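Fold and contact review
The residues making up each chain are set out below.
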Amino acid sequence: MTVKYTVNHIPRTTPYNRRPGIAMIPQYLTIHSTGNLNSTAQNERTWLTDNPQNKATASYHVVIDEKEAIEVLPLDEVAWHAGDGNGQGNRASIGIEICESGNRQKTLQNAVKLVAKVLKERGWGVDRLRRHFDWSGKVCPRILQPDNWAGWERFKKDVQKELKPKVVKTKVIVNKQECDAFIYEGKTYVEVRKPFELAGFKVNYDSKTKQTVITR
Ligand SMILES: [Zn+2]
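Everything in this summary refers to the structure shown in the same document. (Residues numbered from 1 in each chain as written. Predicted model: local features only at pLDDT ≥ 70, side-chain atom pairs only at ≥ 80, totals over all residues.)

1. Some points on the pairing of strand E9 (residues 187-190)
This is how the line gets drawn: Note on pairing: DSSP must find at least two bridges between two strands before they are called paired. Helix and strand assignments follow DSSP, with helices taken as H or I runs no shorter than four residues and strands as E runs no shorter than two, numbered in order from the N terminus.
Relative to E9, strand E8 (residues 177-184) runs antiparallel, the two being bridged by four bridges. Across the sheet, Tyr184 pairs through a bridge with Lys187, a residue of E9. The turn joining E8 and E9, which pair antiparallel and follow one another in sequence, is formed by two residues; a positive phi near 45° is taken by Glu185.

See the structure below:
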């Protein structure tokens, strides 16, 4: 199950320099929470472009809630989210805003999936994850802060779990006899000898070429 992901970039003309258009080679992922219990991902996207009350030079890359993720800036452009000026937080990290509205557990599950996906696409591990707090000392993501950041540690563990390739044990049945097997990334793997022999083939392993030859 994947989370719905919509690209809806704010224009370069967005006021208060929220999309400076500065190229970025990301090195980190920075996690935030919105600090607003009522605001959904859609609300957050709207706030950037369609609310004259918003006078902040503040932006981010992706916002996620219990239902969906919205990418508001290309992931290779600078956004202003880390509070560290021209430091690595703003200039070299992808900012992900976790909504505080709705079903918290579902939202966090979605965020774990999204973060794992972004890490995987880049061949990165959880060592690339940062809190807003790490860049500027702001208590953010505040929803993961209670109990001395216990939620943050759990979040990273959950992402780590999601990154691990999943191996599921199964059986391959040949002429009603079971062979141990496993499923990995949508394919079933089995030790080659047993099922073929059960099916009446001859199996020869050539130790020189390290090839297995199967004949009738
Ligand atoms: Zn933040």
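Let's pick the thread back up.
2. Quick notes on unusual backbone geometry
What counts, and what does not: For the exposure call, what matters is how many other C-beta atoms sit within 10 Å of a residue's own: 20 or more marks it buried, 12 or fewer exposed, and in between partly exposed, using C-beta atoms placed from the backbone.
Cis peptide bonds are those with omega within 30 degrees of zero, and the linkage from Cys140 to Pro141 qualifies with 0°. Here Pro141 is to be found in the loop between helix H4 (132-136) and helix H5 (146-163). Although it is not a glycine, Asp147 adopts a positive phi angle of roughly 60°. Looking at the secondary structure, you find Asp147 in helix H5. Positioned with a positive phi, Lys176 is a non-glycine residue whose angle comes to about 70°. The exposure class of Lys176 is exposed, given the 6 C-beta atoms found within 10 Å.

3. A word on the nonpolar core
Basically, it comes down to this: A set of buried residues drawn from Ala, Val, Leu, Ile, Met, Phe, Trp, Tyr and Cys, joined through C-beta atoms within 7 Å, is what defines a nonpolar core. Two residues form a contact once the distance between their C-beta atoms, set from the backbone, is within 7 Å.
Membership of the largest hydrophobic core comes to 31 residues, with the highest contact counts inside it found for Val63, Ile64, Ile96 and Val115. In terms of residues, this core owes the most to one element, helix H3 (residues 104-122), which gives six residues. Excluding its chain neighbours within four sequence positions, the residues that come into contact with Val115 are Leu29, Ile96 and Val159.

4. With respect to the sheet that holds strand E1 (residues 4-7)
Just so we agree on the cut-off: A fitted line through C-alpha atoms represents every axis, and for helices the fit uses only the stretch in contact; the resulting angles, taken between N-to-C directions, go from 0 to 180 degrees.
Taken in spatial order, the six strands make up an open sheet running E1-E4-E3-E5-E2-E6, and their pairing is mixed. If you trace the sheet from one side to the other, it starts and ends with E1 and strand E6 (129-131), each paired once. Here the average twist between neighbouring strands, direction ignored, is 25°.

5. Topic: H3
Quick reminder: α-helices carry 3.6 residues per turn. Residues three or four places apart thus point the same way. This is how the line gets drawn: To estimate the expected span of a helix, subtract one from its residue number and multiply by 1.5 Å.
For H3, with 19 residues, the first-to-last C-alpha span of 27 Å sits near the 27 Å given by 1.5 Å per residue. Those residues of H3 not exposed but buried are Thr107, Leu108, Asn110, Ala111, Val112, Leu114, Val115 and Leu119. The inward-facing, buried residues of H3 abut strand E2 (28-33), strand E3 (62-64), strand E4 (68-71), strand E5 (93-98) and H5. Residue Gly123 follows H3 closely and has a positive phi angle near 70°.

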